Protein chains: 10
Amino acid sequence: MDFLVRIDTTAFYELPEEQRSEVRDREWVRGRELHEQGILRRLWRLPGQKGNVGLWSARDGDELAQALESLPIWPYATVEATALARHPLFDAIEGRTDDVGLKATPGTD
Amino acid sequence: MDFLVRIDTTAFYELPEEQRSEVRDREWVRGRELHEQGILRRLWRLPGQKGNVGLWSARDGDELAQALESLPIWPYATVEATALARHPLFDAIEGRTDDVGLKATPGTD
Amino acid sequence: MDFLVRIDTTAFYELPEEQRSEVRDREWVRGRELHEQGILRRLWRLPGQKGNVGLWSARDGDELAQALESLPIWPYATVEATALARHPLFDAIEGRTDDVGLKATPGTD
Amino acid sequence: MDFLVRIDTTAFYELPEEQRSEVRDREWVRGRELHEQGILRRLWRLPGQKGNVGLWSARDGDELAQALESLPIWPYATVEATALARHPLFDAIEGRTDDVGLKATPGTD
Amino acid sequence: MDFLVRIDTTAFYELPEEQRSEVRDREWVRGRELHEQGILRRLWRLPGQKGNVGLWSARDGDELAQALESLPIWPYATVEATALARHPLFDAIEGRTDDVGLKATPGTD
Amino acid sequence: MDFLVRIDTTAFYELPEEQRSEVRDREWVRGRELHEQGILRRLWRLPGQKGNVGLWSARDGDELAQALESLPIWPYATVEATALARHPLFDAIEGRTDDVGLKATPGTD
Amino acid sequence: MDFLVRIDTTAFYELPEEQRSEVRDREWVRGRELHEQGILRRLWRLPGQKGNVGLWSARDGDELAQALESLPIWPYATVEATALARHPLFDAIEGRTDDVGLKATPGTD
Amino acid sequence: MDFLVRIDTTAFYELPEEQRSEVRDREWVRGRELHEQGILRRLWRLPGQKGNVGLWSARDGDELAQALESLPIWPYATVEATALARHPLFDAIEGRTDDVGLKATPGTD
Amino acid sequence: MDFLVRIDTTAFYELPEEQRSEVRDREWVRGRELHEQGILRRLWRLPGQKGNVGLWSARDGDELAQALESLPIWPYATVEATALARHPLFDAIEGRTDDVGLKATPGTD
Amino acid sequence: MDFLVRIDTTAFYELPEEQRSEVRDREWVRGRELHEQGILRRLWRLPGQKGNVGLWSARDGDELAQALESLPIWPYATVEATALARHPLFDAIEGRTDDVGLKATPGTD
């Protein structure tokens, strides 16, 4: 199941330089792990804003909550998650499958 | 360049049944075209809401504006587009390329 | 997985009396079905407001979207769904189970 | 009488680790008490957010106010309570009773 | 139990003159009844606005919902009700009683 | 002339315990005075919220401003005042008088 | 007592041309009367917006409500009135007087 | 003096095709005139939205109001104008002049 | 050209008593100067709120910006300025003149 | 591609005087560089507000994000960027070109 997740990290930028650097290092490690597990699908910056918007996939709200709270930046973040559902146009284009997520077959996406 | 686009189609549902059906047929044809051109990357429903949220890619704001206004449903839609930028974590994961978009190599995404 | 769902039915009250009565009859039949399937868990009115707030359970966002769009009142409704996650305090009280929902054992709830 | 209560605990996460731990311990004790008294009916997390949404039952606004202010986390919380009313569809499903709350008879809920 | 209720009647003013007059007559009759029952405690206009703000007393959210929906103007109204609780300063001034509402003893109010 | 006044006291709860206690003592004294002068007519808590909503009566905006700024809690409060006007339904019920305020004659209110 | 009043007249511009012209004629007559009575002190347009912002003076909320509802445009207007109070800086500049309003002595204003 | 002006033209798109075409023709003529007079400096679309955002220059609020109300599309538009002021960084870059507006000297802008 | 200016001074009230007193003294001196220059036309308190709403006149946005930033309280203030335009009803009442501002002829205002 | 960018710098004004001066010096140097690169096209103050609104041009969201984050004031700023698209009226006036931005030919702009 997909979620659109908006993470605001304004409070993170108020930390002392050293602490910020340490949290960011751990954040990148954790981010890679969540990406490899297929939970953190993709992340974008919003130009000039402190934070990001991302596409996340999880079994349900519980798994998403655990993933978000496992982020080293979470104590300094404000998070808003929106549940998504498949769109019939894309079911028609891709063929309906049980697999939740971005179609990765080269050439069709 | 990626855009997050929210399309509200409440006004579309106030059309007479027949007109709605005709617009929807053309919408699906146009949606497939935009998908094949790599502009309409992916679309989701928000459960229970009339409308969708989507990931769009365009050369710039001009190309995006033309794509959105070419939708048969556009006269009955309220649209909000947000410009996105690459996130350094994903540049690191994927390797920075000039190609904007979802990485489609099987096994890494 | 639980969802908190707010349904505003202002537009429903602008229908002619007869049509409103016909939609309401079908709504009650469909509401009972969704309740028996364990999807529509519970519904409340907000005093004086046109609409309701409810607790819904579904496998994921797709099943929720289908349930909400199957409501006869849906064409005249504005819907907002919020994904929920289990709370650790209630995991501790009830014991963690795979069953999503309201604990129904008499005496403990 | 049921209430939907949204509790935001962002300020709680700005406390020192030790104090936070002490408040949380007392919160769980008080939460269990309120649950056993039938006042705190159920609690959910909103994925990624600091806080919770819950279903509370109280005789009136006074009893609810006293319960909420008795929470050890209350000085660090922002609370919004919404009064609920029975929905006629659920009166019909369950049979109207004077008992306010979730129907706990196994097999019907 | 007291409630602060805001009623917006913009849609009422879009009715034809004759229908508006007929609804208003019934509204005044019903308003007097609710006042005599002690449910509609007091009503104010907000200068220049279409609607009113009022102080209502009801046993719980159910009784309030029934009272509000019984208003002839209800189909054309947007209503927002806020649950109130006693304030300790006024408990001290008036002496705590089980009676909900405005203290009517001459000389103390 | 009546005013509906919403006072948010979140900042008050961030004061040290001792100072808070001292301000509250003075607040109660001043609250009683304003009540005896007929300016502070009645006060309610909003369940769980830090602050109150009240019904105030003053000759005009100047007298109201002076009364509100005289509150010991004022430096730590956010205040929003809404001007009210008599409602014709209540003029009819009570008979129009020059006296602004709650009718206190036992048996009619 | 002064009030800041915002009047939105979007609905007025949806009337047929002829009716709009007739209402506007009566509006100007009534506006002059209220100005001569010292109630409508001054009116401004907000560039490009349909409506106006004005400075009104009235004995209290009741007189203001009556003045606003007497406007021929009132049925097509959305109104928001804010109560004002004298500012100590201007009391010092002008000398405190019982006269509410704009100081009209030539050379000092 | 510069103004940032947001014009929403949703209501324009609800006109019949023929009328819309006639209004648009006149709009383009008037737009060119205002551009040649140096009042309408530049206009942008917001991708997918019905309306535009523009940079306008006028002697004061009166001239801006007259220009905006002279647009053939004005009866169907919702307008919001924001007053702008010169920025010291650009005064330094360009040299302060009495001329309000975009610096047009080739090579420096 | 007239502007409606809302100044919120919540941050000012968080200064130490002594500094606040010193800033206020300078504010009154500067306020008188701006009033004598005809820029600060009039100021009101909003009952109970920290701040004021005022009517300002300036040649353009630049002059207004300079006046507002010259206030000793400016570093602790949040300011919102709205451009105003003459209203045709008041042009008719007063006769159109090039003079921007409040008409001060005794007996007509 | 053009962007409308709103930068709020309230947090910057809470820095100690000395640090603020140092950041401002670097900001002006960087501002000039971005202007010379054609990225920062123009900047305005909003009268009385802490911050600015600007017209920026960048190849895409990535280049804009890098430019904004390179501002020395960025850590103390809240930024909101809106993607713009060419307007057909201005394409007609200027002739469509590949050059994004303000037309600088003297006499036509």
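Residues numbered from 1 in each chain as written. Chains lettered and ligands numbered in written order. Predicted model: local features only at pLDDT ≥ 70, side-chain atom pairs only at ≥ 80, totals over all residues. Heavy atoms only, no water.

This part covers the relation of the copies chain B and chain C. The two copies are related by a screw motion: chain B maps onto chain C through a turn of 72 degrees and a shift of 0.0 Å along the axis, at an RMSD of 0.0 Å. The superposition of one copy onto the other is thereby described by a five-fold rotation axis. No C-alpha of chain B lies nearer the rotation axis than that of Ala11 of chain B, which sits 10 Å from it. (Least-squares fit on C-alpha atoms with pLDDT ≥ 70 in both.)

On to the interface of chain J and chain H, then. Listed by partner, the interface residues are 36 residues for chain J and 36 residues for chain H. Interface of chain J and chain H: buried area, both sides summed, is about 3,700 Å²; carbon and sulfur atoms make up 67% of it. The largest share of the area that chain J buries against chain H comes from Arg42, Trp44 and Phe90 of chain J, three residues that together contribute 17% of it. At the boundary of chain J and chain H, one finds zero salt bridges. Looking at the side of chain J that touches chain H, the elements that each hand over two or more residues are strand E1 (2-8), helix H1 (17-36), strand E2 (40-45), strand E3 (51-57), strand E4 (78-83), strand E5 (85-86) and helix H3 (88-94) of chain J. Taken together, the residues of the side of chain J that touches chain H break down into 20 nonpolar, seven polar and nine charged. Where strand E5 (residues 85-86) of chain H and E2 of chain J come together, two bridges link them in antiparallel fashion. Paired with Arg86 of chain H across the strands is Trp44 of chain J, a residue of E2 of chain J. (Contact = heavy atoms within 4.5 Å. Buried area = accessible area lost by both parts, 1.4 Å probe. Salt bridge = Lys/Arg side-chain N within 4 Å of Asp/Glu carboxyl O. Helix = DSSP H or I, 4+ residues; strand = E, 2+ residues; numbered from the N terminus. Nonpolar A, V, L, I, M, F, W, Y, C, P; charged D, E, K, R; others polar. Pairing = 2+ DSSP bridges.)

What follows covers the relation of the copies chain J and chain H. Placing chain J over chain H gives an RMSD of 0.0 Å and needs a rotation angle of 180 degrees, together with 0.0 Å of translation along the axis. These values place the two chain copies in the arrangement generated by a two-fold rotation axis. Of all interface residues in chain J, 100% are interface residues in chain H too; the two copies therefore contact each other through one and the same surface.

Right, let's talk about the side chain of His35 of chain D for a bit. Residues and elements named next belong to chain D. Checked against the element boundaries, His35 lands in helix H1 (residues 17-36). Among the residues examined, His35 registers a relative accessible area of 7% and is labelled buried. Within the structure, the side chain of His35 is placed 2.9 Å from the backbone oxygen of Leu40, a separation counted as a polar contact. (Buried < 20%, exposed > 50% of the residue type's maximum accessible area, 1.4 Å probe, protein only. Polar contact = N/O pair within 3.5 Å; in protein donor to acceptor, adjacent residues only side chain to side chain.)

Between its first and last C-alpha atoms helix H1 (residues 17-36) of chain C spans 29 Å; for 20 residues at 1.5 Å apiece the expected length is 28 Å, and the two agree. Those residues of H1 of chain C that sit buried are Arg20, Val23, Glu27, Arg30, Gly31, Leu34 and His35 of chain C. Projected down its long axis, H1 of chain C shows its buried positions confined to an angular sector of 135 degrees, all on one face. For H1 of chain C, exposure combined with an orientation more than 90 degrees from the buried face picks out Glu18, Asp25 and Glu36 of chain C. Of the surrounding secondary structure, the elements contacted by the buried residues of H1 of chain C are strand E2 (40-45), strand E3 (51-57) and helix H2 (61-69) of chain C together with helix H3 (88-94) of chain D. The first or second residue beyond H1 of chain C is Gly38 of chain C, which carries a positive phi of 80 degrees. (Expected span 1.5 Å × (residues − 1). Arc of directions from axis to C-beta.)

Spatial ordering of the open sheet is given by E4(E)-E1(E)-E3(E)-E2(E)-E5(F), a layout of five strands whose pairing is antiparallel. A strand with exactly one partner marks an edge of an open sheet, and here the two such strands are strand E4 (78-83) of chain E together with strand E5 (85-86) of chain F. Across six bridges, strand E1 (residues 2-8) of chain E lies against E4 of chain E in antiparallel orientation. Looking at the pairing, Asp8 of chain E lines up with Thr78 of chain E of E4 of chain E.

Across the boundary between the two partners, chain B contributes six residues, which contact twelve residues of chain C. Summing both sides of the interface, chain B and chain C together bury roughly 790 Å²; the carbon and sulfur share of this comes to 51%. The largest per-residue losses of area from chain B upon contact with chain C belong to Arg45, Pro47 and Gly48 of chain B, which jointly make up 61% of the total buried on that side. For the pair chain B and chain C, the interface holds one salt bridge. One salt bridge in this structure joins Arg45 of chain B and Glu69 of chain C, with 3.1 Å as the shortest N-O distance. Joining chain B to chain C, the criterion identifies five residue pairs in polar contact (both at pLDDT 80 or more). Among the residues making up the side of chain B that touches chain C, the classes are represented as two nonpolar, two polar and two charged.

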